[in-house]
Amino acid sequence: MNTLNDKKNDWFDQFSGYIILAGIIAVIAGFGVSRIFNSWGLASFIPMGLGGGIIIGFSIAKAIRNKWFSSEASKRKALVGTNVAIMSVFAAGIFAIVGFLNNRHYERFDLTITGKYSLSQKTKNVLKNLDKPVVITTLFNPGEMFYEQIVDILKEYAYHSDKIKIDSIDPLRNRTKVEELASRLKLDDLQLNTVVFECGEHSKHVQQNEVIEKQYPFKFKGEESFTEAVLNVTQEKQTAIYFVTGHGERQFEDYDRGGISGITNALKRDNCRVAPLDILTAKKIPDSCDVLIVAGPTKAYLTEELNIIRNYLEGKGKLLLMLEPAASPNSPTGFKTLLAEYGIVVRDDVVVYNKANLPLFGIQTVAEIYVGKDEYAADNVITDGLKNVNTILFGACSVSSSPPNDQMPYQATTLINAPEGAWGETDLANLRQKKPELNVDVDLQGPVSLAVVSQVKELPKSVTQSHPTMADDPKAKPQGARLVVFGDVNFVTNEYIENPGNVDLFRNSVNWLAKKETQLGISAKPPDFRKATISPIQMKVIFWISIAGIPVIPIVIGSIVWWKRRR
C-alpha cells in the first residue's frame, strides 16, 4: 500500500508543475483569443476558466501534499509567498484600473513637425457640432496599403467626438458581419476595401481610390474624404451653389489651367450641389439657391440681369463675386453700381508689388500678390484659420469698402489686404510694355484692399415694422444679404488652386455665405514628402562610417582593454 501511495505521490510531484504550466498557458491563450477577435466569448472564457481552475486546484493540492504549513518555517514561507501573491494581485489590479482610466480619459499629442497625425481645424469643427450618431465601418483587408493610417485617423475622429463609433471588419475572415452590414444597408453585396459611414437612414461608401491617390508618390487623402462623408450622411440638405454663365465667366467644368473645375470638386466634397445658371434665360434666381457665384465676368450684364440679382440679394440672397483682372476699363461689367448699394467700391486698376526678389532679376514689380498672416483680416471668421498659410492672387483689381454711412443698412469690411508697398496701377494700357511706377496723383496708394465682405449692420426697417419686438431685442441677429467680393478670379483657377491658402479661402467664403460657420477652417493637409539630396562625397562618408567605422570601434575598445590587462 505504501508503495502504491509513493507511486501516486511521485506521479503528482513529477507532473503537477507541468499541469499548472498548462493551466497558465490556457489562461494566456484565452486572453489572446479575446484580443484577436476584439470581443469576449466562449472561445476565450472556456480556456481561461479551465486554466484558472487547474492553477488554483493543483496549487492547493500541492501545498497540502507537501505539508507547506506543518512547521513554523514552512508557515512563514507560505505567509511570505501568500503576501507576495496578494500584493501581485493588488498591483495587477492597480495597473488594470490605471489602464482602464487611461483608455477612457486620455490626451493625444502629435509631435511631428507638420502635424501629420492631427486633424485639421475644419474637421474638428464639424465633429464638435455633430448632433447625430455616426457609425463608421471599415471593410479593409489589414494587408492593404495605408490600412494603418486609415484606422489611426478614424480613431482621431472618435477621439474628438463621442458621436462617432468605429467598427473594423476583416471582410475575408468575418463574412458574417459583412452580410449583416449589407442587410442593414439593404444591399445585395458590399465592395471590399471601403469605409462605410452611417447616420440614420443615410449612408456613404468611401472607395479605396478616394482615400489613396495611386500615383507615385502615393498620397493619403483620408481626412478630406472622411469629413466629406460625415457631412453627406449628417446633413439633410445639400448646399445649392449656382454658377452664373453667359458673360465670359470661368467654367466650372473646364479642366484647363484657366478653368475652375478644382473648386467645383472642393464644393462637392463639402456636400454641395453645383449647377450652371443663365439668368437671362431663367429670368430669376432659383429659390433653392444658397449661394450665387459669379466667377470672372468679361462682358457686361444687362440691366434686367442686374435687377434680378438685386432682387435676389434683397430677399436675403448670398453672392460670391470674383472679378476678372481689369485689362480693359472700357468694358465694364455693370457691377459697380450694384456693389455700391452694399458699401463696396471697385476700381479699374491692377494691384502691383515692387518688392519681389526674383532669381537673376533682383527686385522686380509683379502683379502676383502673396497674402500672408499680416494681410488677412484680424477679426473675420473667414480668415481666422488661415494665419499659417499663404494665398496667391494674380492681377487683382482693388476692392475696398466705402466710408460708414448711417443711412446705409449694409457695411463692407476688408477681408484681405495687399502687402505693404503695393499700389493700384491705373496705367493699364502700358502695363505690359513698361515697368509700372507709382503715380501718387492717379494711382491708389497703400494700404490696398483685395477683397471685402458686406452684410447688414442693423435690422432692416421692413423687419422692425412687421416685428416691433425684434427692434428691442438685443439678441436679435440682423437678417439680410451677404456678399463676398474678390478683386481676382485667377486664385481659384486650376493653375493656382493647389496653393493651400487659395482653396481654403474660397471654401471658407462659401461656407460663411451659406451660414455654415461650423465648416470653417483649414482643410486636410497634403502629405509631407521630404527628399534628402546626398552628394557623392557624402555617400562615400556614409559608406565608410557604416562599413568600416562602426566595426572598428569595438576592435579599438577591445584592443585598449587587452593592452591594459596585459600590463
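Read on for an overview of the structure.

Cut-offs and rules
- Residues numbered from 1 in each chain as written.
- Predicted model: local features only at pLDDT ≥ 70, side-chain atom pairs only at ≥ 80, totals over all residues.
- Heavy atoms only, no water.
- Pairing = 2+ DSSP bridges.
- Helix = DSSP H or I, 4+ residues; strand = E, 2+ residues; numbered from the N terminus.
- Axes fitted to C-alpha atoms, helices over the stretch in contact; angles between N-to-C directions.
- Contact = heavy atoms within 4.5 Å.
- Phe/Tyr/Trp six-rings, centres within 6.5 Å; stacked < 30°, edge-to-face > 60°.
- Buried < 20%, exposed > 50% of the residue type's maximum accessible area, 1.4 Å probe, protein only.
- Core = buried A, V, L, I, M, F, W, Y, C linked by side-chain atoms within 4.5 Å.
- Lys, Arg positive; Asp, Glu negative; His and termini not counted.
- Salt bridge = Lys/Arg side-chain N within 4 Å of Asp/Glu carboxyl O.
- Polar contact = N/O pair within 3.5 Å; in protein donor to acceptor, adjacent residues only side chain to side chain.
- Expected span 1.5 Å × (residues − 1).

Now for the sheet that holds strand S8 (residues 272–277). Strand order in the open sheet formed by seven strands is S8-S7-S9-S10-S20-S19-S17, with mixed pairing between adjacent strands. If you trace the sheet from one side to the other, it starts and ends with S8 and strand S17 (410–417), each paired once. Neighbour-to-neighbour, the strand axes of the sheet open up by a mean angle of 20°, direction not taken into account. Looking at chain direction, strand S10 (residues 318–322) and strand S20 (residues 482–486) are connected through five bridges and run parallel. Its bridge partner being in S20, Lys318 is matched across the sheet by Arg482. Where helix H15 (residues 500–513) meets the sheet, its contacts fall on strand S7 (239–244), strand S9 (291–295), S10, S17, strand S19 (449–456) and S20, and the angle it forms with S20 comes to roughly 160°.

Okay, the packing of aromatic side chains next. In the structure shown here, the tally under the stated rule is eight aromatic pairs. Arranged with centres 4.8 Å apart and planes meeting at 65°, the rings of Tyr301 and Phe335 form a pair that is edge-to-face. With Tyr301 in the loop between S9 and helix H11 (303–314) and Phe335 in helix H12 (residues 335–340), this pair connects stretches of sequence that are 34 residues apart. The two residues Tyr301 and Phe335 agree in class, both being buried. When the centroid spacing of 4.8 Å and the interplanar angle of 45° are considered together, the rings of Phe486 and Phe491 count as tilted. For Phe486, a relative accessible area of 0% gives the class buried.

Among the nonpolar cores identified, the biggest contains 44 residues, and Ile293, Ile416, Phe486 and Phe506 are the most heavily contacted of them. Tallying contributions element by element places H15 first for this core, with six residues. Those residues in contact with Ile416 that sit more than four places away from it in its chain are Val371, Glu375, Tyr376, Thr383, Leu393, Ser449, Leu450, Ala451, Phe486 and Leu505. Among the nonpolar cores identified, the runner-up in size contains 35 residues, and Leu292, Tyr301, Val399 and Val456 belong to it.

A few words now on the side chain of Glu249. In this structure, Glu249 sits in the loop between S7 and helix H9 (261–269). With no salt bridge to any partner, buried Glu249 finds its closest opposite charge in Lys299, at an N-O distance of 8.8 Å. Separated by 3.2 Å, the side chain of Glu249 and the backbone nitrogen of Gly246 make a polar contact.

Turning our attention to the pattern of salt bridges. Counted by the stated rule, this structure contains eleven salt bridges. The partner of Arg347 in a salt bridge is Asp349, with the nearest N and O atoms 3.2 Å apart.

Helix length check: H11 (twelve residues) gives 16 Å between terminal C-alpha atoms against 16 Å at 1.5 Å per residue, within 8%. Considering only its buried residues, H11 is in contact with helix H10 (279–282), S9, S10, H12, S17 and S20. Directly after H11, the chain includes Lys316, whose backbone phi takes a positive value near 70°.

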